[in-house]
Amino acid sequence: MSLFFLHPAYLFGLFAASLPIVIHLLNRRRIKRIRFPAVRFLLLSQKRISRTKRLRHWILLALRTFAVLVLVLLLARPIFQTGVGLFAGGGASAIAVVLDNSLSMKWSRDGEGFKQAKGAAARLFASIGPHHRAALITTNAASKEPARLKREKEVLLRDLEGAKTADGSADFAPALGQAYELLREPAAQKEIWVITDTALTDWDRFSLSAVKQYDPLVPLKIIKVGPKDEPPNAAVKEIRLRGRDVSVGLPIPLQVVIANFGDHEIKDLLVQLHIDDQPREQKLVSLAPRSETEVAFQFVLKAAGSHHGSVTLKKERLAGNPVSYFTLQAQDKLKVLIVDGDPQTSLVLSETFFLTRALNPAGESDGSPFLPTVAVADGLGTVALDSYQAVILCNLAAIPDALLSRLREYLRQGGGLLIFLGDRVQAEDYDRKLFDSSPSILPARLRDKRMVAASGPEKIDRIEIKHPALAPFSDPILLESLKSTRVMGYFRTEAPGASALIALGNGDPLALEKRVGSGRVILVSTSADRDWSDLPLKTAYLPLTQSLVSYLQAEKKGSLDTGIAVGGAKKFSLPPSYVGKSLKITPPDKKEREVSLAAESDNAAASFSENHIAGIYRVAAPPAADQQGSVPPVYPVNPPFLESRLATISEPELLARLNPARAEIIAIDSLDQGGSRSDLSLPLLLVLIVTLLSEGWLAQRFYG
């Protein structure tokens, strides 16, 4: 049972109840007492009469004060309610039902939460009278059509039947804002009913200040869909690569992090991996209460390009998102052209011996993401540079004229060039063709050749480990290995304002970088073999050369994409030739959409925000004239990780977040108990009439 007022603002009128008392006290002050001895006996007689009159005054004062109190309560319209109550009689009512259809509603009350929430909403709609109006507002609306108040029960129930759970979190601020907006229309009674599982993830980010407009006089009733008992509650938190490459033919190690949100251990949780809709591997794991565990998978892709995958959790009564999607862009083997400027009859004495083995240690076609091809300078005239992702010049004496123009075009289109110097290099030729010509290719002008004794070699002193090409050297062991390199020969360079990637102890650069068009050039001022340094014998040599080559071919080494959260926007960027064209996007519901590409900075850009369904989205881009650039043909969308958490916000905290709105929390089971509501206006009106009649009759009787 409870008592509340439809118009509580009128309760401030209770201060008016003090007016009769104030008037009475003011009148008492006006009485001026003057004592005359001659009338003493008359006063003694009058005292007996005054006691009677004073009692009559108090009775009339009490009646008048009580009448004011009843009048104020009558204006405030008190409602007496038993159970959850529905509508008080008298006047047309308007209610807005906000239905939480976030993903967590799917798992509450042992999987029956959303069904019971719809049942509660149906009961509210069924109780409205012919003069009442109601509206259904879902927290995750699939339709862009705004909700409106309706009188027809059948239409409201049909709207409710079409409501489904979404794959994202609930955003209550816009839903409540829409409810308050609808209830701005005149009505005798107004109420907002919110049916929710009070999930902590959804309400924890809610603030009433985010509601554009709200009316604190409109009662807010929250029907709580609480859990019956705690089911196993787990979800995939993260999917990541354990290695750096996603290449064809190489093992791809995948790490899956699974979180247990519950207070109980989860045993024998089945974790399945699917690639391109085909089962690859599955494992059984156990999770301690409120803990995380990692599950390792490994698989091989046989074709380059885009692949999609998923990790699925299976266990009876499991609550939480059971499927997480991801995509892979698998890179074919990186073809690297190595130009040997000092070939020898003995393979080990060749300039490129250590370099080719660093890029492909096993010497097998499937053992490395790199596929090096060695050529000599004389054969460069017939080599198609476009067939290679990177070109490495090793101790090449001079740059062939026929190669120079092709090299520039290769770099302009995004190729990568790595230059190792050596004793055969003609600095004047390099400077004239690669540095002084336009566009300039060489990162620095070559100066003199410097040779030092093996007993007093130069040491590497500074390494820019923040540079992407040198990131592996954040490992202390690799860093120490590289710094222990003994350099006995190198070319001094001149590059004012340029910062060296690697520098010797005397400050001379050992590696420099330069961007040319869309391509990249790295100059290493020492040799690739053991002639000028012992770098090829160091542990750091293999990761250094592989990292430099990977960086030069624009890091096209394949990638893992775990996607965006449901409701987020997916952005696309393409070359400017795509401006004015459209991308076709097919969500998991198979309903194709189009987004137009507009100019943004130097590119064509578009954004797609209708990512409301978890799954794999397919993207089709139109062909462009120059065929440059592309977007991955698939991308994944996943529910927010914390939406799988069944923890709820406490009732005091929820009421505090809704303050100063007049909120009340009701258990969903209370609806089964029914209840009634009575408008106390008529009884109060009768009491007021009786009070006023009594006051008039007594006043006439006392003083008439």
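What you see is a predicted model; the values in this text were computed from it and never measured.

> Teacher, can you tell me more about the overall build of the protein chain here?
When its secondary structure is counted, the protein chain shows 13 helices and 35 strands. Its C-alpha atoms give the protein chain principal-axis dimensions of roughly 150 × 65 × 55 Å. Looking at the protein chain as a whole, 47% of its 704 residues are labelled buried. Residue pairs in contact within the protein chain that sit at least 24 positions apart in sequence constitute 76% of those at least 6 positions apart. For the protein chain, the accessible area works out to roughly 34,600 Å², and carbon and sulfur atoms hold 54% of it. Computed over 86 positive and 74 negative side-chain charges, the inter-centroid distance for the protein chain is 16 Å.

> Looking at this structure, I do not really get empty space enclosed by the protein. What am I missing?
The gaps left among the atoms become clear once a water-sized probe is rolled over them. Summed over all chains, the structure comprises one cavity of 30 Å³ or more. Empty space within the largest cavity amounts to approximately 100 Å³. Lining the largest cavity are 14 residues, with Ile502, Ala511, Val524, Leu544 and Leu548 sitting closest to its centre. For the lining of the largest cavity, the residue count by class is 13 nonpolar, one polar and no charged.

> For this particular structure, what's the right way to read the nonpolar core?
In globular proteins that are soluble, nonpolar side chains generally tend to be buried together. If you look at the biggest cluster of nonpolar residues, it comprises 39 residues, and the most contacted ones within it are Ile392, Leu418, Leu482 and Ile502. Ignoring any residue separated from it by four or fewer positions in sequence, one finds Leu418 in contact with Val391, Ile392, Leu393, Ile522, Val524, Leu548, Val549 and Leu552. Judged by nonpolar contacts, the second largest core, of 31 residues, contains Leu337, Val383, Leu404 and Val516.

> Before we go on, may I ask you to explain the packing of aromatic side chains in this structure?
Applying the stated criterion to the full structure yields eight aromatic pairs. Seen in terms of ring centroids, Trp203 and Phe206 are 5.2 Å apart; in terms of plane orientation they differ by 75 degrees. Their pairing is edge-to-face. The cationic tip of Arg520 hangs over the ring face of Tyr551; the distance from NZ or CZ to the ring centre is 4.2 Å.

> Where do I start with the pattern of salt bridges in this structure?
Oppositely charged side chains can pair when the atoms bearing their charge come close. Under the criterion given, the structure shown has 25 salt bridges. Its salt-bridge partner being Arg290, residue Asp263 comes within 2.6 Å of it at the nearest N-O pair. With Asp263 in the loop between β8 (251–260) and β9 (266–275) and Arg290 in the loop between β10 (278–287) and β11 (292–300), this residue pair connects regions lying 27 residues apart in the sequence. Of the residues examined, Asp263 reaches a relative accessible area of 43% and is grouped as partly exposed. What emerges from the salt-bridge pattern is a single network uniting Asp401, Asp429, Arg432 and Lys433.

> Which parts of the structure should I look at to understand the sheet that holds strand β32 (residues 615–620)?
Hydrogen bonds between backbone groups are what pair the strands of a sheet, and the pairing can be parallel or antiparallel. Taking strand neighbours across the sheet as the criterion, the five strands line up as β26-β33-β32-β28-β29 in an open arrangement whose pairing is mixed. Each having just a single partner strand, β26 (564–565) and β29 (593–596) make up the two edges of the open sheet. Direction of pairing for β32 relative to strand β33 (residues 634–638): antiparallel, over a ladder of four bridges. Pairing of Tyr617 across the sheet is with Tyr635, part of β33.

> I would appreciate a short explanation of the pairing of strand β24 (residues 519–524) in the present structure.
Regular strands place side chains that alternate from one sheet face to the opposite one. Burial analysis of β24 places six of its six residues in the buried class, which makes it a mostly covered element. Every second residue of β24 is oriented toward a common face, with Gly519, Val521 and Leu523 on one face and Arg520, Ile522 and Val524 on the other, all of them buried. Both strand β17 (residues 416–420) and β24 contribute to a ladder of five bridges, which runs parallel. By the bridge assignment, Gly416 is partnered in β24 with Arg520.

> How do you make sense of the pairing of strand β14 (residues 334–340) when you look at a structure like this?
β14 sits mainly inside the fold: six of its seven residues count as buried. Pairing of β14 with strand β15 (residues 370–376), which is carried by seven bridges, proceeds in the parallel orientation. Each residue of the ladder has a partner; that of Val339, found in β15, is Ala375. Pairing geometry for β14 and strand β16 (residues 390–394), over five bridges, is parallel.

The rules behind these values
Residues numbered from 1 in each chain as written. Predicted model: local features only at pLDDT ≥ 70, side-chain atom pairs only at ≥ 80, totals over all residues. Heavy atoms only, no water. Helix = DSSP H or I, 4+ residues; strand = E, 2+ residues; numbered from the N terminus. Buried < 20%, exposed > 50% of the residue type's maximum accessible area, 1.4 Å probe, protein only. Contact = heavy atoms within 4.5 Å. Areas by Shrake-Rupley, 256 points an atom, 1.4 Å probe, with all protein chains shown as cover. Lys, Arg positive; Asp, Glu negative; His and termini not counted. Charge placed at Lys NZ, Arg CZ, Asp CG, Glu CD. 1 Å grid on protein atoms, 1.4 Å probe; cavity = no way out; pocket = protein on both sides within 12 Å on 5 of 7 lines; lining within 4 Å. Points joined across faces, edges and corners; volume = space filled by probe spheres on them. Nonpolar A, V, L, I, M, F, W, Y, C, P; charged D, E, K, R; others polar. Core = buried A, V, L, I, M, F, W, Y, C linked by side-chain atoms within 4.5 Å. Phe/Tyr/Trp six-rings, centres within 6.5 Å; stacked < 30°, edge-to-face > 60°. Lys NZ or Arg CZ within 6 Å of the ring centre and 35° of its normal. Salt bridge = Lys/Arg side-chain N within 4 Å of Asp/Glu carboxyl O. Pairing = 2+ DSSP bridges.

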